[in-house]
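Summary of the model geometry
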Amino acid sequence: MSYVRNLILFATFIFIGISASNASADADDFNLDYDDPANGESNVDPENIIEMKVQIENVVNQPMSFEMKILNDDDLQSSGIDVWWSHNGDDTLTSKSDTIPKVDVSDNSVKNGITVSVEATENAVYGDYQIELRCKDKDSNELEELSLSLTVNEKAAVSLQLTEGGDALGSVDIDNQTTYEIQVNNDGNKLDTFSLSVNGNDWETEFEDSEVTIEAFTSQIIILTITTDDDVNFGDDDSVTITAVSQNDPSIDDDLSLTTQVRVKYGLLFDTASSSNSVSGEPGATVSFNFNLVNKWSESINYEVKKKDWYRGTEGNRPEGWSDSTGTGTLDGFQETNSARFSVTISSGADAGEVVTIIVEAIASDDQGKGESVVMEVEVRVEGDYNVQLLMPGSNEISVNAEQLVPISSYIKVKNLAKVNDLIYVTAEWELGGNDWTLETPQPISLASNAEKSLFISVKAPKADAGGQATLKIRVESGGDSSKYDEQNIIFRVNTAQDSSGPQTEELGEESDFPVDPIWIVSIVLIIGLGSSAAFMLNQRSKGAFGGSGEKTEDFSDEWAGMEGAAAPPMTPAQTPPAAAPPVTPPPQPQAPPAAAPPPPPQPQAPPAAAPPPPQPEVPPAAAPAAPTVLTITVPEGVMAGQQIQIKAPTGQLVNVKVPEGCGPGSQFKIQI
C-alpha cells in the first residue's frame, strides 16, 4: 500500500515540475524588454497609427531563435483597435500578423526594433488598454511575457438627422400641432451629454428633453413639437434650426433645419426646375420647360400646367404661328416632382431675336373640385447662327449737290447671312465732317434668311459745305446676336456751282493712272515729320481750307516753285506761251528775246501775248514731257491711308489722289504730274 502511495507522490512531483517550467514568465537564458517607448506606454488618436517596439536580450554563449506572438489581438479589435507585428528587428514584414515565426538572436547580444503597429480605427473606444506579448524560445520552450500600455484618446462628435422616413418639410393645420422624430448620434468614442436648443422660429417649438446622454457610437431619438395658433393662414410656413452641443467638448456641435407649412387644400409649390426662366430655340423648333411642383396637401391630387396667356413685346400682342402643349400628372400627398413639363413650338416664320413672354399656370384638382391657379412668367427667345453683311456694288464715293436730300439706297444694301429671320438694326454716324448735315436712317429691318435689302439712308449737305466732303460710317447689327455686325464708310463730295463748267477732275487710281505718259510717273516717296508747311489742296469742307473747282485762285505752296520743271516760268504762266512760240517758228526766234525783255516794264502787254494761243494746240505735246511737275502733299488730320483726297495743281487742274499705305495725318508724300 505504501508503495502505491509513494508512486503517486512521485508522479505528482514530476507533473508539477513540468507545469512550472511551461508557465514560467521569467526565462533564464533571455530577457524580453521595452525598446521604444522605453517605459512601454503610448497613446493614439482615433483614425491614427502608432508603433511600439520591444527587444530580446540573449544572455547565453550560443545563438537562440524565438517565436513572437500578440496574445489579445481579438479582444482589442472588439474595441476598435487593430494590432500586428510590422518588423522583426531585421526586416519589415509585408503582411499583418499576430505572430513572428522566428527571430534569430546571436549569442550574448540584443535584438531591438521588434515592432508592433497599433491602429485606432474611427470606432476605437476611449480608454486604457494592454497589448499582451509573448516571447518563446523555440528550442527549450522557455518563454517571457510583456504588456504594452495603450491609451485611446477622447474624440467628441455629434450629428443630427430625422428618423428614417422623416421629411425636413412638414405640415400642420391651423391651431394644431405636428411632431418630428429627431435622431441624435454620439459619433464620439466616449459617453457624452448633449445640450439641445432651437432658434430662428416664430411658432412655438419645444423638445421633450433639453439634454440627452448617449453612449459612444450610439444614438437616441427625441421628439420635437411645433404648435400653431389661429393667427396662421393657409400657405404660411415657419423654419427652425436645431442645434446639439457636446458637453465633453463645447466646440463640437451640429445643426438640423426644418420647415413646417400650413397645409393647403389643392395647394402647390410651383417653380422652374432650372436656374433660368428663359429657353431659346430656332424657328420651327419645340422647346420645353420643366417645373418643380410640390403638393401642399396630405392627399393625392391631379395637376395641370398650361399657358394662361402670352405676348410678344407688349401685353396683348400675341405671337402668330406659335403653339403650346399642356403638361399633366398626379402627385401623392406632399409629393414633389421636377418633371412637370410644358412645351412651346416656335413659329417657323419667327424673327431672330424675337422674345415671347408666357404666363404659365399650375392647377391642382381632385374628384371633389380644383383649387386656385399658381402662375409664373417664362420666356422663349428665337435664336440662330446670326450674321449680316453690307453690300456696295459700286464705289464708296458719292457726289451730291448742296441743299438737296439725296437717298443712297442704290449704293448700299444689307444681307442676312443667317439661316433664320433676323431683325437688323441700322445706325450711321459722321466720322469726318458732317456738321450741320441732314442724316436720315431707317427703322430696324426684318429680313428672311439669305435675303438682302437696300438701306434707305438719306443725306443733305448744307450750302456752306459746297466743294467739301464728309465721311459717313454705316453699321448694321444683328438683332439676334449683337456681336455680329458689319461696317462700311461712304465719302460724300459736295459739288460746287462751277463744277459743271470748271476744270475737269481727274481720277487717279491705285495704280497711279495719271493723265500723262507713264514714263513721268515716279514712285511715291514718304516723307515723315516735315511739318505742315507743304501746301496741298483738300477739297474738304470740314477743314475749310479750299475753294471749289471753279475758283481761279492758284492754291499751292512755295515748295512747288523749287520743283524740277516748275521754276520761275510756272510762277508767271502768262509769259510761258511766248517762250514756247519761238520753237514753232524758228525764223522769228532771234526777235523773241528782245520781245521778251520789253514786256516786263509794260505789264499791260501781257494780253497781247495771249495772241499766240492759236498755235498753242501744237505746244502741249512738246511741253508736257519737257516740264513734269512734282507736288508735295501733306496728309491732313482725319485722313488715313487708303482714303482719297482732292488737290489742285498749279495749273488749276483738280486731281484725286489716294493716300499711300503707311501715311498718316501730318505725314507727306510726293507725286509727279
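Predicted, not measured: the structure shown is a model, and the values here were computed from it. Every chain begins its residue count from 1, and numbering advances along the sequence as written. Totals for whole chains, interfaces and linings use every residue, but because this is a predicted model, local features are given only for residues with pLDDT of at least 70 and side-chain atom pairs only at 80 or more, for both listing and counting. In computing side-chain values, all of the structure's heavy atoms are included and hydrogens and water are not.

This part takes up the overall build of the protein chain. Strands here mean DSSP runs of E at least two residues long; helices mean DSSP runs of H or I at least four residues long; both are numbered from the N terminus. Helix and strand counts for the protein chain stand at 7 helices and 47 strands. Partly exposed residues are those whose accessible area sits between 20% and 50% of the maximum for their type, while under 20% is buried and over 50% is exposed, using a 1.4 Å probe and protein chains only. A total of 673 residues make up the protein chain; the buried ones form 38% of that total. Residue contacts are counted whenever heavy atoms from the two residues lie within 4.5 Å of one another. Residue pairs in contact within the protein chain that sit at least 24 positions apart in sequence constitute 71% of those at least 6 positions apart. Put simply, the protein chain shows about 35,000 Å² of open surface, and 47% of that area lies on carbon and sulfur atoms. All accessible areas in this document rest on Shrake-Rupley with a 1.4 Å probe, and a residue is counted as covered only by the protein chains that are shown.

Spatial strand order, 2-10-9-4-7: 5 strands in an open sheet with mixed pairing. Whereas interior strands pair on both sides, the edge strands pair on one side only; in this sheet they are strand 2 (41–44) and strand 7 (99–105). Pairwise comparison of adjacent strand axes, ignoring direction, gives a mean angle of 30° for this sheet. Pairing geometry for strand 2 and strand 10 (residues 143–152), over 4 bridges, is parallel. Counted as the bridge partner of Asn43 is Thr151 from strand 10. Here a strand pair is declared whenever DSSP counts at least two bridges between the two strands. The convention used is that axes are lines fitted to C-alpha atoms, helices contributing only their stretch in contact, and that angles between N-to-C directions extend from 0 to 180 degrees.

Turning to a negative patch on the surface, a few remarks are in order. Think of a patch as exposed residues, more than 30% relative accessible area, with no salt bridge, where like charges cluster within 9 Å and nonpolar side chains (Val, Leu, Ile, Met, Phe, Trp, Tyr) cluster within 5 Å. Only one rule defines a salt bridge in this text: a Lys or Arg side-chain nitrogen within 4 Å of an Asp or Glu carboxyl oxygen. Counted as positive: Lys and Arg. Counted as negative: Asp and Glu. His and the chain ends are not counted at all. Lys charges are placed at NZ, Arg charges at CZ, Asp charges at CG and Glu charges at CD. A surface patch of negative charge is lined by Asp175, Asp229, Asp230 and Asp231. For Asp229, the location among the structural elements is in the loop between strand 17 (219–227) and strand 18 (237–246). Assessed through its relative accessible area of 38%, Asp229 is described here as partly exposed.

Stacked, edge-to-face and tilted labels apply to pairs of Phe, Tyr and Trp rings (six-membered ring for Trp) whose centres lie within 6.5 Å, assigned for plane angles under 30 degrees, over 60, and everything in between, in that order. In this structure the tally under the stated criterion is 6 aromatic pairs. With a centroid separation of 6.2 Å and 50° between ring planes, the pair formed by Trp437 and Phe492 is classed as tilted. Taken together, the residues span a long stretch of sequence, with Trp437 in the loop between strand 35 (421–432) and strand 36 (438–440) and Phe492 in strand 41 (residues 485–495) at a distance of 55 residues. Overall, the relative accessible area of 8% leaves Trp437 in the buried class. A relative accessible area of 0% places Phe492 in the buried class. Here the basic side chain of Arg475 rests over the ring of Tyr485, its NZ or CZ set 3.7 Å away from the ring centre. Throughout this description, the term charge over a ring refers to an Arg CZ or Lys NZ atom that lies within 6 Å of the ring centre and within 35 degrees of the ring normal.

Mapping Ser458 onto the fold places it in strand 39 (residues 458–460). With a relative accessible area of 11%, Ser458 lands in the buried category. Considered as a pair, Ser458 and Thr441 are 17 residues apart in the sequence and their alpha carbons are 7.0 Å apart. Look past the residues within four positions of Ser458 in its chain and what remains in contact with it is Leu405, Val406, Pro407, Thr438, Leu439 and Glu440.

Below, the discussion takes up the pattern of salt bridges. By the definition in use, this model includes 17 salt bridges. Where Lys413 meets Glu452, a salt bridge forms, and the shortest distance between an N and an O atom there is 3.9 Å. Of the two residues, Lys413 sits in strand 34 (residues 413–416) while Glu452 sits in strand 38 (residues 452–454), which places them 39 residues apart along the sequence. A relative accessible area of 41% places Glu452 in the partly exposed class.

In this structure, Val54, Ile56, Met68, Trp85, Val118 and Ile131 are the most contacted members of the largest nonpolar core, which totals 33 residues. Looking at this core, the elements with two or more residues in it are strand 1 (30–36), strand 3 (48–58), strand 4 (64–70), strand 5 (81–88), strand 7, strand 8 (109–120), strand 9 (127–137) and strand 10. We call a set of buried residues a nonpolar core when its members are Ala, Val, Leu, Ile, Met, Phe, Trp, Tyr or Cys and they connect through side-chain atoms within 4.5 Å of each other. In this structure, Ile301, Trp310, Ala362 and Ala364 belong to the second largest nonpolar core, which totals 27 residues.

Geometrically, the link from Asp36 to Pro37 is a cis peptide bond, its omega value of 0° lying close to zero. Note that Pro37 resides in the loop between strand 1 and strand 2. Positive phi, normally seen in glycine, also occurs at Asn141, with a value near 65°. Mapped onto the fold, Asn141 is located in the loop between strand 9 and strand 10. Backbone geometry places Asn450, a non-glycine residue, at a positive phi of 65°. Within the secondary structure, Asn450 is located in the loop between strand 37 (445–447) and strand 38.

The next point concerns the sheet that holds strand 34. Whether parallel or antiparallel, the strands of a sheet pair through hydrogen bonds between backbone atoms. Here we have 3 strands laid out as an open sheet, ordered 31-34-38, and antiparallel in their pairing. If you trace the sheet from one side to the other, it starts and ends with strand 31 (388–391) and strand 38, each paired once. Ignoring strand direction, the axes of neighbouring strands in this sheet form an average angle of 25°. Pairing geometry for strand 31 and strand 34, over 4 bridges, is antiparallel. Pairing of Val388 across the sheet is with Asn416, part of strand 34.

A separate point is the side chain of Thr163. By the secondary structure assignment, Thr163 is in the loop between strand 11 (158–162) and strand 12 (169–172). Assessed through its relative accessible area of 13%, Thr163 is described here as buried.

The predictor reports its confidence for every residue as pLDDT, a score running from 0 up to 100. In the predicted model, the protein chain carries a mean pLDDT of 78, and 76% of its residues have values of at least 70. The least confident element of the protein chain, judged by mean pLDDT, is strand 43 (residues 526–527) at 38; the most confident is strand 2 at 96. Across residues 1–5, confidence stays below pLDDT 50; counting only partners more than four residues off in sequence or on other chains, it has 0 contacts. Taken together, the stretch residues 7–24 has pLDDT below 50 and engages in 2 contacts with residues farther than four places along the chain or on a different chain.

Before going further, it helps to examine the environment of Tyr34. Topologically, Tyr34 is positioned in strand 1. With a relative accessible area of 24%, Tyr34 lands in the partly exposed category. As a C-alpha pair, Tyr34 and Lys53 span 19 residues in sequence and 6.6 Å in three-dimensional space. With near-sequence residues (within four places) excluded, Tyr34 lies in contact with Asn39, Gly40, Lys53, Val54, Gln55, Leu146, Ser147 and Leu148. In terms of polar contacts, Tyr34 uses its side chain to reach the backbone carbonyl oxygen of Ser147, at 2.8 Å. Any pair of N or O atoms that falls within 3.5 Å is considered a polar contact. Within protein, one atom must be able to donate a hydrogen and the other to accept it, and sequence-neighbouring residues count only if both atoms are side-chain atoms.

Once that is clear, we can look at the side chain of Asn185. Mapped onto the fold, Asn185 is located in strand 13 (residues 177–186). Residue Asn185 is classed as buried on the basis of its relative accessible area, which comes to 8%. At 2.8 Å, the side chain of Asn185 and the side chain of Gln183 are in polar contact. Leave out the neighbours within four places in its chain, and Asn185 touches Ala157, Val158, Ser159, Gln161, Thr218 and Ser219.

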